[in-house]
Amino acid sequence: MLFVAFCLVLGVLGHVVASGFTDDELVPLMPFIWPKDEPLEAIVIDLESYLEQHVTVAQAGLDLLSVTVDQTAVCESRSPENGTFVVLCRNDELYSLLETMQSIKDRYTHQFCHDWVFLNDEPFDEYFMTGIVLQMPGGMISFGQIPKEQWGPPSWIDLAEAAKKQQALVAKNVYKADSNSYRNMCRYYSGFFYKHPLLSAYKYYWRLEPGVKYYCDIDYDVFRFMRENDKKYGFTISLFEYRDTITSLWEISKQWMSRMSLPLDNMVGFVENADGSYNLCHFWLNFEIADLDFFRSPQYQAYFDHLDRAGGFYYERWGDAPVHTIAATHLLAKSEIWWFRDMGYLHSPYLQCPQGKAFLSQRCACNPEADFTLSGISCAPLYEAIQNDLL
């Protein structure tokens with residue numbers, strides 16, 4: 001077994017050297033092609049062998065995990081759109097993620113077969129990946145590891161100062177105040193996820209998280225809707241951010257935005273009060289459907305670099321939600337931002353549940369009276385007013 005493992009390591013490393021890719025540019029080896037007509041038990045045995053080869057190398061720290069399972073042959077109705085689901089998760093979230101995937105399959109992907117990309121700061125294990133693949137109705141399913149330099153504080157962060165300021169937030173009972181892994185996630189989703197090699201071929205992405213649920217039928221191809229209607233950014237729930245987590249984010253953002261040429265018909269009024277201060281409204285990012293080219297743009301990248309240098313992801317607890325929201329409302333025209341109000345969506349404790357005819361026609365199974373849009377801390381009324389030129 002040791003000899004076999006050694007040969008596998010040499011084979012994988014030989015491919016990397018021959019390809020000329022560095023670790024953070026790693027591309028997957030030949031994908032596992034899902035046979036269409038073989039017995040499932042035989043397929044699983046071959047799949048586990050394929051996955052084990054790559055996990056062995058990744059867990060030894062010799063390479064970043066990057067594997068793809070090609071199930072396109074079993075797609076009953078593959079979407080022609082260039083989009084993918086993206087999930088940032090860990091091995092111990094398998095079962096909550098399977099529940100989410102079953103929910104989205106029942107309501108959507110049984111009609112439109114899309115690709116999936118799963119990302120983790122550690123190597124996925126064979127058990128996780130096999131469990132995910134067996135849940136899939138088809139498509140390309142990729143599993144990738146995040147480079148170490150993108151997951152953790154950058155070199156210019158004073159770690160002692162960051163720890164001191166984090167304790168001040170702990171004293172205020174701020175959510176996730178002392179969690180560095182949460183900060184790593186927020187920074188990664190703010191400035192790096194769209195650079196991962198497994199996403200390089202895609203134009204659109206749909207962000208999913210373990211534990212979310214979908215309660216209504218979605219009877220149209222969402223990525224096609226984004227393309228045909230020239231939408232760059234889509235959300236479901238909007239609400240107010242915790243002020244203590246972003247004490248300096250607005251002023252530092254405005255420093256950069258003041259130097260930019262912004263679209264005249266933007267949505268700055270969604271985040272800015274009449275006196276120029278931040279009203280704390282943001283799009284809740286556990287759901288996000290967006291054009292990846294927006295994040296890849298020089299303007300967005302420069303904005304993130306400006307924020308990253310300021311260090312607020314670690315000195316404070318800046319979330320990726322207000323970062324994406326401030327960027328979208330300043331850099332996009334309001335016609336390019338879309339509220340997917342027809343989606344019944346739950347990320348505890350908040351629920352979006354369509355009302356009226358939409359509730360009936362989409363066979364919703366949520367409680368319309370529990371719709372977060374009706375609450376006093378929803379920013380949806382402000383969004384509506386700006387979109388309809390009522391302000």
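Residues numbered from 1 in each chain as written. Predicted model: local features only at pLDDT ≥ 70, side-chain atom pairs only at ≥ 80, totals over all residues. Heavy atoms only, no water.

Where an unreviewed UniProt entry is consulted, the protein appears under the name Mannosyltransferase, with the organism given as Candidozyma pseudohaemuli. Note on the protein: under the UniProt heading Sequence similarities (unreviewed entry), the record states "Belongs to the glycosyltransferase 15 family." UniProt, in its Subcellular location (unreviewed entry) section for the protein, records the words "Membrane". (UniProt positions renumbered as here; feature names shortened; annotations may be inferred.)

Caption draft 1: Fine view of the sheet that holds strand E8 (residues 233-235). The mixed open sheet is built from nine strands, whose spatial order is E1-E2-E5-E4-E3-E6-E11-E8-E12. Here the strands that pair on one side only, and so sit at the sheet edges, are strand E1 (32-33) and strand E12 (337-339). With four bridges connecting them, strand E6 (residues 204-208) and strand E11 (residues 288-291) associate as antiparallel partners. Bridge pairing in E11 places Trp-206 opposite Ile-289. Most of the contacts of helix H14 (residues 380-387) go to E12, to which it runs at about 130°, and overall it touches E8 and E12. (Pairing = 2+ DSSP bridges. Helix = DSSP H or I, 4+ residues; strand = E, 2+ residues; numbered from the N terminus. Contact = heavy atoms within 4.5 Å. Axes fitted to C-alpha atoms, helices over the stretch in contact; angles between N-to-C directions.)

Caption draft 2: Fine view of the sheet that holds strand E13 (residues 345-347). Strand order in the open sheet made by the three strands is E7-E13-E14, with antiparallel pairing throughout. Strand pairing shows two members of the sheet lacking a second neighbour, strand E7 (213-214) and strand E14 (350-352), which therefore form its edges. Here three bridges tie E13 to E14, and the two strands are oriented antiparallel to one another. Directly across from Leu-346, in E14, lies its bridge partner Leu-351.

Caption draft 3: Spatial organisation of the environment of Lys-232. Among the structural elements, Lys-232 can be located in the loop between helix H7 (222-228) and E8. Separated by 80 residues in the primary sequence, Lys-232 and Gly-312 have C-alpha atoms spaced 26 Å apart. Contacts of Lys-232, omitting those with residues within four sequence positions, involve Met-226, Ile-289, Ala-290, Asp-291, Leu-332 and Glu-336. Within the local environment of Lys-232, its side chain forms a polar contact with the side chain of Asp-230, the two groups lying 3.3 Å apart. (Polar contact = N/O pair within 3.5 Å; in protein donor to acceptor, adjacent residues only side chain to side chain.)

Caption draft 4: Broad picture of the packing of aromatic side chains. All told, the structure shown has 52 aromatic pairs when counted by the stated rule. On the numbers, 6.5 Å between centres and 50° between planes, the contact of Tyr-214 with Phe-287 is tilted. Residue Tyr-214 is found in strand E7, and its partner Phe-287 is found in the loop between strand E10 (281-283) and E11; the two are separated by 73 residues along the sequence. As far as burial versus exposure is concerned, Tyr-214 and Phe-287 are alike and both buried. Seen in terms of ring centroids, Phe-294 and Tyr-300 are 5.6 Å apart; in terms of plane orientation they differ by 55°. Their pairing is tilted. When sorted by exposure, Phe-294 lands in the same class as Tyr-300, which is buried. When the ring centre of Tyr-204 is taken as reference, the NZ or CZ atom of Lys-203 above it lies at 5.5 Å. If you follow Arg-207 out to its NZ or CZ, it ends over the ring of Tyr-189, 3.5 Å from the centre. (Phe/Tyr/Trp six-rings, centres within 6.5 Å; stacked < 30°, edge-to-face > 60°. Buried < 20%, exposed > 50% of the residue type's maximum accessible area, 1.4 Å probe, protein only. Lys NZ or Arg CZ within 6 Å of the ring centre and 35° of its normal.)

Caption draft 5: Representation of the packing of helix H3 (residues 94-109) against helix H4 (residues 126-135) within the structure. For the pair H3 and H4, interaxial distance at closest approach is 10 Å and the crossing angle is 15°. Looking at the two axes, H3 sits roughly parallel to H4. Classified by chirality, the crossing of H4 by H3 is right-handed. Touching Leu-94, Tyr-95, Leu-97, Leu-98, Met-101, Gln-102 and Lys-105 of H3 are Tyr-127, Phe-128, Gly-131, Ile-132 and Gln-135, all from H4. Residue composition of the contact of H3 with H4, grouped by class: eight nonpolar, three polar and one charged. (Parallel < 35°, antiparallel > 145°, perpendicular 65-115°, else oblique. Left-handed = near helix turned anticlockwise from the far one by under 90°. Nonpolar A, V, L, I, M, F, W, Y, C, P; charged D, E, K, R; others polar.)

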